[in-house]
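# Structure at a glance
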2 protein chains.
Amino acid sequence: MTALDITHDPKRTSWVASANVAGCDFPIQNLPFGTYSRAPRPHPRIGVAIGDKILDLRMAKLIDTDDMNVLMAATPEERRALRLRISEGLASGSALQAAWESALVDHSAVTMHVPCHVGDYTDFYTSVHHATNIGRQFRPDNPLLPNYKWVPIGYHGRASSIIVSGTPVKRPQGQTKAPDAAEPSFGPCKRLDYELELAWFIGQGNALGAPVGIDAAEQHLFGVALFNDWSARDIQAWEYQPLGPFLSKNFGSTVSPWIVTMEALAPFRAPFTRPEGDPQPLPYLDSADNRAQGHVDMTLEVLIQTAKMRADGQAPARLTLGKLKDAAYWTPAQLVAHHTVNGCNLQAGDLLGSGTLSGPTMDAAGSFTELSVGGKQPFTLPNGEQRTFLQDGDTLILRGWCEREGAVRIGLGEASGTVVA
Amino acid sequence: MTALDITHDPKRTSWVASANVAGCDFPIQNLPFGTYSRAPRPHPRIGVAIGDKILDLRMAKLIDTDDMNVLMAATPEERRALRLRISEGLASGSALQAAWESALVDHSAVTMHVPCHVGDYTDFYTSVHHATNIGRQFRPDNPLLPNYKWVPIGYHGRASSIIVSGTPVKRPQGQTKAPDAAEPSFGPCKRLDYELELAWFIGQGNALGAPVGIDAAEQHLFGVALFNDWSARDIQAWEYQPLGPFLSKNFGSTVSPWIVTMEALAPFRAPFTRPEGDPQPLPYLDSADNRAQGHVDMTLEVLIQTAKMRADGQAPARLTLGKLKDAAYWTPAQLVAHHTVNGCNLQAGDLLGSGTLSGPTMDAAGSFTELSVGGKQPFTLPNGEQRTFLQDGDTLILRGWCEREGAVRIGLGEASGTVVA
């Protein structure tokens, strides 16, 4: 994992004043990457978020590409060198301030894009609590399948329908079948759900046929963003046997626009441990480094703002608050090692979804199907409205941040989307 | 579906003499697209197969791109116009012969590539016989799941590991668990299988949120190639619950280099019918045109050449011979209509796998797990060798062709791959 350096120094401040405000998602210790465009130019460019500004990396003469995937494919050494140059240039007192002020863009004036070209998107299932909660709805006596604690379960998702935060999500239509119906029927999804996930992005790829060992795995990770894997539960229930979810998932998946790098996460690494009595991972998924600091200590939150709340001027209400390391049974390095152990080739920009990050208690459950127990127990919002699943006009917001004593808090921004008919 | 025109005229011959040999895969009525490179230039270019030659489309001044996906995204009218120009120019007596002779390349002198950039790859499960054969191994009393005859079952595959015919396939390693073992073990796959499939390629895409109706579906199909979805059955059995196959499939999928266009398939269209007593498709999957000519009458063949056969100078031996329309329970148009009905966006170059195209009888079964009944009954080759699954050194070859009275036979070439340790 990345060693701490001057870019993590909690005493470092920026000449971009908004970056120094306590609680800001994008202080100088963060420096996440994203792609943005600004009217009248539609062409996306690469920027780094700093406070409420964006540093345009090409205008700052730091890179000569607009292709995020090229930047992501750089070696970890090149990435760390770029981070150091950005941090030095944005630091209070930098001689570059005068030159770089003209490379700053107001965050509020731009359109953000999906941060890179996602060649392949894989979705994992890393929360043992989510797997248990969902399994209980199908198999009350035997909720967790026998492979779960051995195999980081994953499956392929749809890359083309990944959309950036703020894009409306159209309620899908499809086939569903009520348990007591003789035949399926066709119409709009009635059980539209969200899933609180993280998107781990691949940096350097590996060649086909060349597995990545667990201790090299983090060298292939670029960073992380928030991810909402919208799900049509009624379509899913009818279609998913025997090959897994398909149309219930691929109508849209919302990603937050800023990729927080592995370097920025360095101060927040945490041990990976297994509960007493659980099997230890097979050797290809195990290492001393992964045990010592394979996890990330990150807080995750889900909020909802219904159309009524918006009309009444009410702020979004919390659905979920939990900790990544309490939810995820596998670390990001284990996902990379598992994904490639058969020789599968990962490429820069590939997205590894964490799966729904439900924590051990219901206030940390990461989907409505858990909060409402499969739609049986309506969830009551602070204004008295009830939800089993999402209604048209509901806005769903994911947030995430890392904080600890002695480090400057960093945030992931947000991934939001509003359901439309 | 495409109307017949002069490019389908069985009397038309080419000034490329090898294209006029009976039984040739690439007569002037075919004209499939592929990408090739020729040393010392590594950059792929677009060509059309004609006999044992390749017409370089840029050298023939027919296009000004080397990007197959750009060509695939053209409108059906533009594609038909290009086909007409190629057919006229290659026809016997064409005034373009002198100019185009210098745009011909020997097929034997080039390296073929995966024909286009595959953004997303979806694998379907269109053979009811395959689904039944596999289901019987797991559920003898109830082999076919209740959704099968209603839902064109599909799931997402891995695009990055799609390889072109001729590329060796490395036996994957991974977790497996014997039924009587207490814990899984790790090692090379012991039940490596092939799957006889077709790859349907998308031409024009659709926007996210905009379903493609069944009668518009073929306007979005570009053409078809052969596809071997190599499968590690022992890894699959342990990993696939509850989200479907993953590492058991994504270590490599072999595609043939030539995309035979929907225009070339026009003389071989066939009716889509359901067996007596089966439900009719829901309205979004049904149309008069699909019923009249939604299918394609194509013959598919699988051959194997073991290391011993190669050493003994023996030709490949047939494993499978069958008919596409006997195997596929859904038409290509139905796959497009289903895939997009929830608003999922398809893009030029996307690949829709047919799933294993097993016919109604065992001599048309499209995988070893069917031929050997899950590895229980070894399959005997003509030289006396036996196989339950693939061994290192085995070469697996898929072939396909269309023929009928009054039309010139066209072929898909082949998709081959040799298993290496």
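All of these numbers come straight from a predicted model, not from anything done at the bench. (Residues numbered from 1 in each chain as written. Chains lettered and ligands numbered in written order. Predicted model: local features only at pLDDT ≥ 70, side-chain atom pairs only at ≥ 80, totals over all residues. Heavy atoms only, no water.)

### A short note on the overall build of chain A
Per the secondary structure count, chain A includes eleven helices and 26 strands. Relative to the 2.2 N^0.38 estimate, which gives 22 Å for 421 residues, the radius of gyration of chain A is 21 Å and therefore close to what a compact globule would have. A buried classification covers 63% of the 421 residues belonging to chain A. Summarising the internal contacts of chain A: among those between residues at least 6 apart in sequence, 73% fall at separations of at least 24. For chain A, the distance from the average position of its 36 positive side-chain charges to the average position of its 44 negative side-chain charges is 3 Å. (Helix = DSSP H or I, 4+ residues; strand = E, 2+ residues; numbered from the N terminus. Rg over C-alpha atoms; globule rule 2.2 N^0.38 Å. Buried < 20%, exposed > 50% of the residue type's maximum accessible area, 1.4 Å probe, protein only. Contact = heavy atoms within 4.5 Å. Lys, Arg positive; Asp, Glu negative; His and termini not counted. Charge placed at Lys NZ, Arg CZ, Asp CG, Glu CD.)

### Points about the pattern of salt bridges
Side chains that carry opposite charge are capable of pairing whenever their charged atoms lie near each other. Within this structure, the stated rule accounts for 48 salt bridges over all chains. The partner of Asp312 of chain B in a salt bridge is Lys308 of chain B, and the shortest N-O contact between them spans 2.8 Å. According to the relative accessible area criterion, Asp312 of chain B is partly exposed, its value standing at 42%. Given the relative accessible area of 42%, Lys308 of chain B is considered partly exposed. Salt bridges sharing partners connect three or more residues here, namely Asp193, Glu195, Asp229, Arg233 and Lys249 of chain A. (Salt bridge = Lys/Arg side-chain N within 4 Å of Asp/Glu carboxyl O.)

### Some words on the environment of Asn133 of chain A
Residues and elements named next belong to chain A. With respect to the secondary-structure elements, Asn133 resides in helix α4 (residues 128-138). Non-local contacts of Asn133, meaning those with residues more than four positions away in its chain, are made with Ser358, Met362 and Glu370. Among the polar contacts listed, one links the side chain of Asn133 to the side chain of Glu370, at a separation of 2.7 Å. (Polar contact = N/O pair within 3.5 Å; in protein donor to acceptor, adjacent residues only side chain to side chain.)

### With respect to the sheet that holds strand β2 (residues 41-50) of chain B
Residue and element names in this part refer to chain B. What the five strands build is an open sheet, ordered β4-β3-β2-β1-β5; its pairing is antiparallel. The two strands at the open ends of the sheet, each matched to only one other strand, are β4 (104-106) and β5 (111-112). Note: strand β3 (residues 53-56) against β4, three bridges, orientation antiparallel. Its bridge partner lying in β4, Lys53 is registered against Asp106. (Pairing = 2+ DSSP bridges.)

### Points about the domain arrangement of chain A
All names here are of chain A. Domain parsing of chain A yields domain 1 (6-112) and domain 2 (121-420). For domain 1 versus domain 2, the distance between C-alpha centres works out to 28 Å. Taken together, the contact between domain 1 and domain 2 spans 29 residues of the former and 28 residues of the latter. Three residues, Met72, Arg79 and Met112, lead the burial of domain 1 against domain 2; their summed loss comes to 27% of the area buried on that side. Between domain 1 and domain 2 we count two salt bridges in total. Notably, a salt bridge pairs Glu263 with Arg79, separated by 3.1 Å at the nearest N-O pair. Elements supplying a minimum of two residues to the side of domain 1 that touches domain 2: β1 (33-38), β2 (41-50), α1 (68-72) and α2 (76-90). (Domains from an automatic or database assignment. Buried area = accessible area lost by both parts, 1.4 Å probe.)

### Observations concerning the interface of chain A and chain B
Every contact between the two is made by 55 residues of chain A and, on the other side, 55 residues of chain B. The tally of links from chain A across to chain B stands at four salt bridges. Note that Arg158 of chain A is salt-bridged to Asp120 of chain B, the shortest N-O span being 3.5 Å. At the junction of chain A with chain B, the criterion picks out 31 residue pairs in polar contact (both at pLDDT 80 or more). Elements that contribute at least two residues to the side of chain A that touches chain B include exactly β6 (121-124), β7 (154-157), β10 (173-176), α5 (233-239) and α10 (332-340) of chain A.

### Focus on the environment of Leu144 of chain A
All names here are of chain A. Mapped onto the secondary structure, Leu144 falls in the loop between α4 and β7. Separated by ten residues in sequence, Leu144 and Ile134 have C-alpha atoms that sit 8.8 Å apart. Those residues in contact with Leu144, other than ones at most four positions away along the chain, are Val128, Ala131, Thr132 and Lys149.

### Looking at unusual backbone geometry
Between Ala39 of chain A and the following residue, Pro40 of chain A, the backbone shows a cis peptide bond with an omega angle of 5°. With a phi angle near 60°, Lys61 of chain B is a residue other than glycine that sits in the positive phi range. Its location among the elements puts Lys61 of chain B in the loop between β3 and α1 (68-72). Exposure remark for Lys61 of chain B: the relative accessible area of 69% places this residue in the exposed category. Positive phi is not limited to glycine here, since Val373 of chain B has a value of about 50°. As for its position among the elements, Val373 of chain B is in the loop between α11 (368-371) and β23 (379-380).

### Regarding the pairing of β1 of chain A
Residue and element names in this part refer to chain A. Burial of β1 is extensive: five of the six residues sit out of reach of the surface. Note that β1 and β2 share five bridges and pair antiparallel. Residue pairing for β2: Gly34 is matched across the bridge by Gly47. Between the antiparallel neighbours β1 and β2 lie two residues. With two bridges connecting them, β1 and strand β5 (residues 111-112) associate as antiparallel partners. In the strand pairing of β5, Ser37 is matched with Thr111.

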